[in-house]
Amino acid sequence: MALTNLSPYSLRLSTLSSSSSSSSSSFNQSSSQNYNFTHRHIPLSLRTRPRTGICCVWTRPRSKRGRKSEELESKELVRVLMRSFSDKEPLVRTLNKYVKVVRSEHCFLLFEELGKSDKWLQCLEVFRWMQKQRWYIADTGIYSKLITVMGKKGQTRLAMWLFSEMRNSGCRPDPSVYNALITAHLHTRDKAKALAKALGYFQKMKGMERCKPNIVTYNILLRACAQARNVDQVNALFKELDESILAPDIYTYNGVMDAYGKNGMIKEMESVLSRMKSNQCKPDIITFNLLIDSYGKRQAFDKMEQVFKSLMHSKEKPTLPTFNSMIINYGKARLQGKAEYVFQKMTAMKYTPSFITYECIITMYGYCDNVSRAREIFDELSKSGKDMKVSTLNAMLEAYCMNGLPMEADLLFENSRNMGVTPDSSTYKLLYKAYTKANMKELVQKLLKRMEQNGIVPNKRFFLEALETFSSSLAGSQSRSAKTDLTRSLSTAKS
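It should be emphasised that the depicted structure is a prediction, and the values quoted were computed from it without experimental measurement.

Chemist: What am I meant to see in the packing of helix α9 (residues 175–186) against helix α11 (residues 215–227) here?
Modeler: Each packed pair of helices is defined by two parameters, the angle between the axes and the distance between the axes. The interhelical angle for the contact between α9 and α11, taken along N-to-C directions, is 15 degrees, at an axis separation of 10 Å. On the basis of their axis angle, the class for α9 and α11 is roughly parallel. As for how α9 packs across α11, the hand of that crossing is left-handed. Of the residues in α11, those touching α9 at N179, I182, T183 and L186 are V216, T217, I220, L221 and A224. A breakdown of the residues in the contact of α9 with α11 according to their chemical character gives six nonpolar, three polar and no charged.

Chemist: I'm lost on a positive patch on the surface in this one. Help?
Modeler: On the surface, a cluster of positive charge is made up of R167, K193, K197 and K204. Among the elements that make up the positive patch, the one with the highest residue count is helix α10 (residues 191–206) (three residues). Looking at the element boundaries, R167 is found in helix α8 (residues 156–168). Given a relative accessible area of 41%, R167 falls into the partly exposed group.

Chemist: Quick question: what am I supposed to make of unusual backbone geometry here?
Modeler: Outside of glycine, negative phi angles account for most residues, and trans bonds account for most peptide bonds. Of note in this structure, R334 is not a glycine but carries a positive phi near 60 degrees. For K350, which is not glycine, the phi torsion reads 70 degrees and is therefore positive. Residue position: K350 is located in the loop between α18 (336–348) and α19 (355–367). Note on K350: relative accessible area 75%, which makes it exposed.

Chemist: Sorry if this is basic, but what is going on with helix α17 (residues 320–332) here?
Modeler: A turn of α-helix holds 3.6 residues, and therefore any two residues three or four places apart point the same way. With 13 residues, α17 should reach 18 Å at 1.5 Å per residue; the first-to-last C-alpha distance of 18 Å fits that figure. Of all 13 residues in α17, ten are buried, a share of seventy percent or more. The set of residues buried in α17 consists of T322, F323, N324, S325, M326, I327, I328, N329, Y330 and G331. Check the buried side of α17 and you find it contacts α15 (285–297), α16 (301–313), α18 and α19. The positive-phi residue at the C-terminal boundary of α17 is R334, with phi of around 60 degrees.

Chemist: Can you walk me through the nonpolar core in this structure?
Modeler: The tendency in soluble globular proteins is for nonpolar side chains to be buried side by side. Ranked by size, the top nonpolar core spans 125 residues in total, and within it F111, V126, I147, I362, M396 and L431 carry the most contacts. Considering each element in turn, this core owes the most residues, eight residues, to α11. With near-sequence residues (within four places) excluded, L431 lies in contact with L397, C401, A409, F413 and L447.

Chemist: When you look at helix α5 (residues 104–116) in this model, what are you seeing that I'm missing?
Modeler: Spanning 13 residues, α5 covers 19 Å between terminal C-alpha atoms, matching the ideal 18 Å at 1.5 Å per step. Taken as a whole, α5 has its buried residues at H106, C107, L110, F111, L114 and G115. Down the axis of α5, the buried set is contained in an arc of 170 degrees. They therefore lie on one face. Of the residues one or two after α5, D118 is the one with positive phi, at around 65 degrees.

Analysis parameters
Residues numbered from 1 in each chain as written. Predicted model: local features only at pLDDT ≥ 70, side-chain atom pairs only at ≥ 80, totals over all residues. Heavy atoms only, no water. Axes fitted to C-alpha atoms, helices over the stretch in contact; angles between N-to-C directions. Helix = DSSP H or I, 4+ residues; strand = E, 2+ residues; numbered from the N terminus. Parallel < 35°, antiparallel > 145°, perpendicular 65-115°, else oblique. Left-handed = near helix turned anticlockwise from the far one by under 90°. Contact = heavy atoms within 4.5 Å. Nonpolar A, V, L, I, M, F, W, Y, C, P; charged D, E, K, R; others polar. Patch = residues over 30% accessible without salt bridge, like charges linked within 9 Å, V, L, I, M, F, W, Y side chains within 5 Å. Areas by Shrake-Rupley, 256 points an atom, 1.4 Å probe, with all protein chains shown as cover. Salt bridge = Lys/Arg side-chain N within 4 Å of Asp/Glu carboxyl O. Lys, Arg positive; Asp, Glu negative; His and termini not counted. Charge placed at Lys NZ, Arg CZ, Asp CG, Glu CD. Buried < 20%, exposed > 50% of the residue type's maximum accessible area, 1.4 Å probe, protein only. Expected span 1.5 Å × (residues − 1). Core = buried A, V, L, I, M, F, W, Y, C linked by side-chain atoms within 4.5 Å. Arc of directions from axis to C-beta.

Below, the structure is given as structure tokens:
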């Protein structure tokens, strides 16, 4: 018997016994036991000459295409679930409709989507629903995911409760759970207290065999310490890392350099870059982008341009954030020509500008006192037929406001609905700051009425942030007058 074209399969040979009847069916050894066949029921000729059959078993691992298909199906199901539930249709009822197909992987994706859309409370509903299903098995991965979501939303107490719930369920914590808990604490407002708490968990992890800090733990803490400008603690953590079996990775260096760069600590950032190079760790596009942005914000344009040249000669390729950062930072320095050159170079390299790129250009022209050109760009976007983003509207309004044109900003704001854009709280905040700074009391009152009509209720933080923006620029009686107006506005909003 010739066998051909069986390369995708592995062949398994098994001895098969045939029954005494003329039937062509054959059974393998396990089948014959199941049917309780004995030798006395089988002809002698077949007992002495067993027949050999071939059984083909698929052993090739599942293809990447198959996994991708499953991931797409999971994402599509989650999209359906997110669209289906509302105030009238609770999420649990929606989940019950799809109970036959929803599993842990779908719930993971659902946690992410609910977290992104600020519906973190529904995550707990999904979690309780999961626990009632037959397929549910308590798992640290589920808890770490939920703790991460709660942490990002500033719900530290819920994150702590989930940690206790996990231990009560019989799950033993692992580094991923502690990493999620550390991150949750670092999202709280009191950063000094949060960092002390995080370092406390870090010390606790060291004494637990199953929870020894991993490189992710160090990356989280190094970035947090750099953000807190705690250089000594950063150096101490790097020293510990060097003495351990763990090795810093690109995320370690990028996280610390980005935090130092955002704090304007250029020397410290460059020190980490030197450490990175000495450890033979090659920079990636994120490294180049954060260096370009950090140097640009400090207006160290020689160094920024040098990094860009190094990027162009490396294996990495610039991304839109590379160009966006250069455009906005040149704009802040009122270097309109250089910013325009970057945009021309970007288009010459066949990059398609995103709406963020256009917002950077509008803001750049605003910084360069070229409001008319900023408005031209804005009008071109408005006529392009693409959906206008509220952030683009805000960029144009800010360009007017920074050039002392509150009336023009108010006119654009009034026409925004005709453009299909609905202003959000950030729009009202920037206009409130601008109108108050320009002492345009009529516009302030008009804006507050508009906020009330649209159901946007200003809180204490709204007014305090507005006050911080400009009170320092006003002197003496002018500053006191502005504070008095703000206090009256706050009292009106509360009532």
